[in-house]
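Report on the structure
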Amino acid sequence: MAGFDGVATLVHLARGGEIGESHETPHTLIADGPHRTLRRYGTDDEVVAAAATGRRPVLLVPPLAVSTACYDLADGLSVVQFLLSTGRVPYVLDFGDMTRADRHLGFADFFDDIVPGAVAATVADFYGTGDRGASGTTPGPAGVDVLAWSIGGTISLLTAAANPDLPLASVVAVGTPLDYAKVAPYPLVKSLMRPVGPTPVKLALRALGGIPAPLVRLAYRGTAWQRELKKPGYILRNADDTEALSRMKAIDRFQATMPGYPGKVSEQMWENFIMRGELAGGVLDFDGRVVDLADVAVPVALFGSHRDAIVSWAAAHHGVELLVGAPRVDFTTVETSHLGLIAGSAAVEHTWPVIEEFLSDLDPRRS
């Protein structure tokens, strides 16, 4: 039974109050621009220390329609903080909000322009000359390790395949769907739409200019319906546990800040990924820009979960068969939710340590 403080907390929440403060690890703005803001977490001294020990910078690429808070969710649930604790310097690419004005943005804009630009800016900042070179350390190959969650992993793998000269050292894709035929309810939707083809939905998405943020937020909550149903009981059980309630509210704030999908991207997801099944086959044609995922030529680490309501384990595991050009493809199963794979207690205990082991194996000073 909740104590006096717990009762006061329940009343506070019932009145729409917040528990805990919005979390944000200190960072430095490295580059800014439409849908390409780049932040570095870590001081100049930490950059020098990382370079001296052969640890490459880690560029975190978010999914579309998700804020970068997924990588810095709360104190103790921040992969940014974890990377810093291992002596690595994380950089986070922020795509920002998506509105109808961004309806022209397609996948090629991300894998041919925005992400390569962030990689270049990361290399320039981390391996830059000047005072950082005064230590006399040699940072090793000027490469970048990429870490991405959900569709951010799709974009990162497309970037690696489409730009073989880009200085990428590895790609870590957590909960990334690589076969939409293995993600419910897409097979059923595809079957129902087969008589009329992809055009009606494509035209509807075009008319909307994409998938608006309120629909994205509603859909995400819909996939987490069990959490929503269990939330009242969770609050009652943890009325005296401020830390647990703070983490719950951090997830609520994250869900409330999800941006929308730009129009062209949503059309390509529908046509290329779902109706044509090109992502599962590995060869994708984005209006004449052809990308073959067999051209990914860097080590890859994949993560999936049987409990993920958004990306099935089979859809994530498909990358093991798909990425035939990669010198190494690791797959790790972590049984948790979609968000839990990157920012939950299971991520803290399982996902993050495996990521660090993977990156450590590839560090220049250890090879």
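What counts and what doesn't
- Residues numbered from 1 in each chain as written.
- Predicted model: local features only at pLDDT ≥ 70, side-chain atom pairs only at ≥ 80, totals over all residues.
- Heavy atoms only, no water.
- Helix = DSSP H or I, 4+ residues; strand = E, 2+ residues; numbered from the N terminus.
- Buried < 20%, exposed > 50% of the residue type's maximum accessible area, 1.4 Å probe, protein only.
- Areas by Shrake-Rupley, 256 points an atom, 1.4 Å probe, with all protein chains shown as cover.
- Pairing = 2+ DSSP bridges.
- Axes fitted to C-alpha atoms, helices over the stretch in contact; angles between N-to-C directions.
- Contact = heavy atoms within 4.5 Å.
- Parallel < 35°, antiparallel > 145°, perpendicular 65-115°, else oblique.
- Nonpolar A, V, L, I, M, F, W, Y, C, P; charged D, E, K, R; others polar.
- pLDDT = per-residue confidence, 0-100.
- Salt bridge = Lys/Arg side-chain N within 4 Å of Asp/Glu carboxyl O.
- Phe/Tyr/Trp six-rings, centres within 6.5 Å; stacked < 30°, edge-to-face > 60°.
- Right-handed = clockwise from strand over helix to strand, strands pointing away.
- Expected span 1.5 Å × (residues − 1).
- Bend = angle between axes of the 7 residues up to and from the residue.
- Polar contact = N/O pair within 3.5 Å; in protein donor to acceptor, adjacent residues only side chain to side chain.

An unreviewed UniProt entry annotates the chain as Hydrolase of Gordonia lacunae.

Examining the overall build of the chain
Scanning the chain from terminus to terminus reveals 15 helices and 12 strands. Expressed as a percentage of its 367 residues, the buried residues of the chain come to 53%. Surface summary for the chain: the accessible area is close to 15800 Å², and the carbon and sulfur share equals 57%.

Topic: the sheet that holds strand β11 (residues 300–304)
Note: strands within a sheet are paired through backbone hydrogen bonds, in either parallel or antiparallel orientation. Taken in spatial order, the eight strands make up an open sheet running β1-β2-β4-β3-β5-β6-β11-β12, and their pairing is mixed. The open sheet has two edge strands with one neighbour each: β1 (28–31) and β12 (329–333). The sheet shows a mean angle of 20° between the axes of neighbouring strands, taken without regard to direction. In the packing of helix α4 (residues 107–126) onto the sheet, the strands contacted are β1, β2 (37–40), β3 (58–61), β4 (90–94), β5 (144–149) and β6 (168–174), and the crossing angle to β4 comes to about 150°.

So, the packing of helix α6 (residues 186–193) against helix α11 (residues 263–275)
The geometry of α6 relative to α11 is characterised by a closest axis approach of 11 Å and an angle of 100° between their N-to-C directions. Between α6 and α11, the angle falls in the class roughly perpendicular. Residues Tyr186, Val189, Lys190 and Met193 of α6 form the contact with α11, whose participating residues are Trp270, Ile274 and Met275. The residue makeup of the contact of α6 with α11, split by class, is six nonpolar, no polar and one charged.

Focus on the confidence of the model for the chain
The predicted model of the chain averages 82 in pLDDT, with 74% of residues at 70 or higher. Counting interchain partners and residues more than four positions distant, the pLDDT-below-50 stretch residues 1–18 has 24 contacts.

Quick word on the pattern of salt bridges
Applying the stated criterion across every chain, the model contains 13 salt bridges. The salt bridge partner of Arg88 is Glu356, with a shortest N-O separation of 2.8 Å. One end of the pair, Arg88, is in the loop between α3 (79–85) and β4; the other, Glu356, is in helix α15 (residues 345–362), with 268 residues separating them in the sequence. The residues Arg88 and Glu356 share a single accessibility class, namely buried.

Brief notes about the environment of Ala148
Counting through the fold element by element, Ala148 comes out in strand β5. Ala148 gets classed as buried once you look at its relative accessible area, which sits at 0%. Spatially, the C-alpha atom of Ala148 lies 9.1 Å from that of Ile342, the residues being 194 residues apart in sequence. Once residues within four sequence positions are removed from consideration, Ala148 is found in contact with Val61, Tyr71, Gly153, Ser156, Val172, Ala173 and Val174.

Considerations on the packing of aromatic side chains
Scanning the model with the defined rule gives nine aromatic pairs in all. Look at Tyr180 and Tyr186: their rings are 5.3 Å apart centre to centre, the planes differ by 50°, and that puts the pair in the tilted class. The class of Tyr180 is buried, set by a relative accessible area of 4%. Taken together, the ring pairs in this structure connect Phe107, Phe111, Tyr180, Tyr186, Phe273 and Phe286 into an aromatic cluster.

As for the pairing of β4
Of all five residues that make up β4, five are buried, and the element is covered over most of its length. With burial as the criterion, each face of β4 is covered, one bearing Pro90, Val92 and Asp94 and the other bearing Tyr91 and Leu93. When β2 meets β4, the two strands line up antiparallel, connected through four bridges. Bridge pairing links Leu38 to Leu93 in β4. Note that β3 and β4 share three bridges and pair parallel.

A short note on the pairing of β3
The alternating pattern of β3 places Val58 and Leu60 on one face and Leu59 and Val61 on the opposite face, and all of these are buried. Crossover β3 to β4 through α3 is right-handed. Pairing of β3 with β5 involves four bridges; the strand directions are parallel. Residue pairing across strands places Val61 opposite Ala148, the latter belonging to β5.

Remarks on the environment of Thr28
Turning to its location among the elements, Thr28 is positioned in strand β1. Of the residues examined, Thr28 reaches a relative accessible area of 34% and is grouped as partly exposed. Between the C-alpha atoms of Thr28 and Tyr91, which are 63 residues apart in sequence, the distance is 9.4 Å. When near neighbours in sequence (up to four residues on either side) are disregarded, Thr28 contacts Leu38, Arg39 and Arg40.

Topic: α4
Its 20 residues give α4 an end-to-end C-alpha distance of 27 Å, which sits within 8% of 28 Å, the value for a rise of 1.5 Å per residue. For α4, the principal kink sits at Pro116 and spans about 25°. Inspection of α4 places Phe107, Phe110, Phe111, Ile114, Val115, Pro116, Ala118, Val119, Thr122, Val123, Asp125 and Phe126 among the buried residues, and these make up the whole buried set.

Looking at the side chain of Ser170
Mapped onto the elements of the fold, Ser170 is located in strand β6. Of note is the side chain of Ser170, whose polar atom sits 2.6 Å from the side chain of Asp145. Each residue touching Ser170, except ones within four places of it in the same chain, is listed here: Val144, Asp145, Val146, Val298, Pro299, Phe358, Leu359 and Leu362.

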